[in-house]
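Survey of secondary and tertiary structure
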Amino acid sequence: MNQDKKRRGTKMKSRENLIGYLFASPWLLGFFIFTLYPMCSSLYYSFTNYNTLKTPTWIGIRNYIVMCMHRLVCTFTSEELLVIGGCWEGSVSFRDLGSEKLSMSY
């Protein structure tokens, strides 16, 4: 009799677990398809030389080195760090982009 109750309790527990997984499966599926896969694939492609007509070739951190050496990236990164730190003097200028019309004042 005691084993019967254990067996019934185990079956009921596994059924409850299955129902819980079924209720969570739409969210899990959406998370894996729309969040986790794009994040992992973009991380992979950032370390490759990717052309849509050819297969990606692995180049390591060369993309990041080239990006960090670019003058505009260094300028915008330092300005963004100043804004985040709260040390901004009050105006943002986009002169480096070549357009005087994009100047904004706060």
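Comments concerning a nonpolar patch on the surface
Nonpolar side chains collect at one region of the surface, where Trp27, Leu28, Leu29, Phe32, Ile33, Phe34 and Leu36 lie side by side and expose about 760 Å² of accessible area between them. Tracing the backbone through its elements, the reader meets Phe34 in helix H1 (residues 2–46).

Regarding the side chain of Thr48
Take Thr48: it is sitting in strand E1 (residues 48–49). A polar contact of 2.9 Å, which involves the side chain of Thr48, links it to the backbone oxygen of Tyr45. Contact partners of Thr48, with chain neighbours within four places excluded, come to Pro56, Thr57, Trp58, Ile59 and Asn63.

Description of the packing of aromatic side chains
Per the stated rule, a full pass over the model turns up 7 aromatic pairs. Here the aromatic rings of Phe31 and Phe32 are separated by 5.6 Å at their centres, their planes lie at 65°, and the arrangement is edge-to-face. Judged by relative accessible area, Phe32 falls into the partly exposed class, the value being 43%. Site record: aromatic cluster; members linked through ring pairs are Tyr44, Tyr45, Phe47, Tyr50, Trp58 and Tyr64.

Notes on the confidence of the model for the protein
With 72% of its residues at a pLDDT of 70 or more, the protein has an overall mean of 80. Across residues 100–104 the pLDDT falls below 50, and counting only partners more than four positions away or on other chains, this stretch makes 7 contacts in the model.

What counts and what doesn't
- Residues numbered from 1 in each chain as written.
- Predicted model: local features only at pLDDT ≥ 70, side-chain atom pairs only at ≥ 80, totals over all residues.
- Heavy atoms only, no water.
- Patch = residues over 30% accessible without salt bridge, like charges linked within 9 Å, V, L, I, M, F, W, Y side chains within 5 Å.
- Areas by Shrake-Rupley, 256 points an atom, 1.4 Å probe, with all protein chains shown as cover.
- Salt bridge = Lys/Arg side-chain N within 4 Å of Asp/Glu carboxyl O.
- Helix = DSSP H or I, 4+ residues; strand = E, 2+ residues; numbered from the N terminus.
- Polar contact = N/O pair within 3.5 Å; in protein donor to acceptor, adjacent residues only side chain to side chain.
- Contact = heavy atoms within 4.5 Å.
- Phe/Tyr/Trp six-rings, centres within 6.5 Å; stacked < 30°, edge-to-face > 60°.
- Buried < 20%, exposed > 50% of the residue type's maximum accessible area, 1.4 Å probe, protein only.
- pLDDT = per-residue confidence, 0-100.

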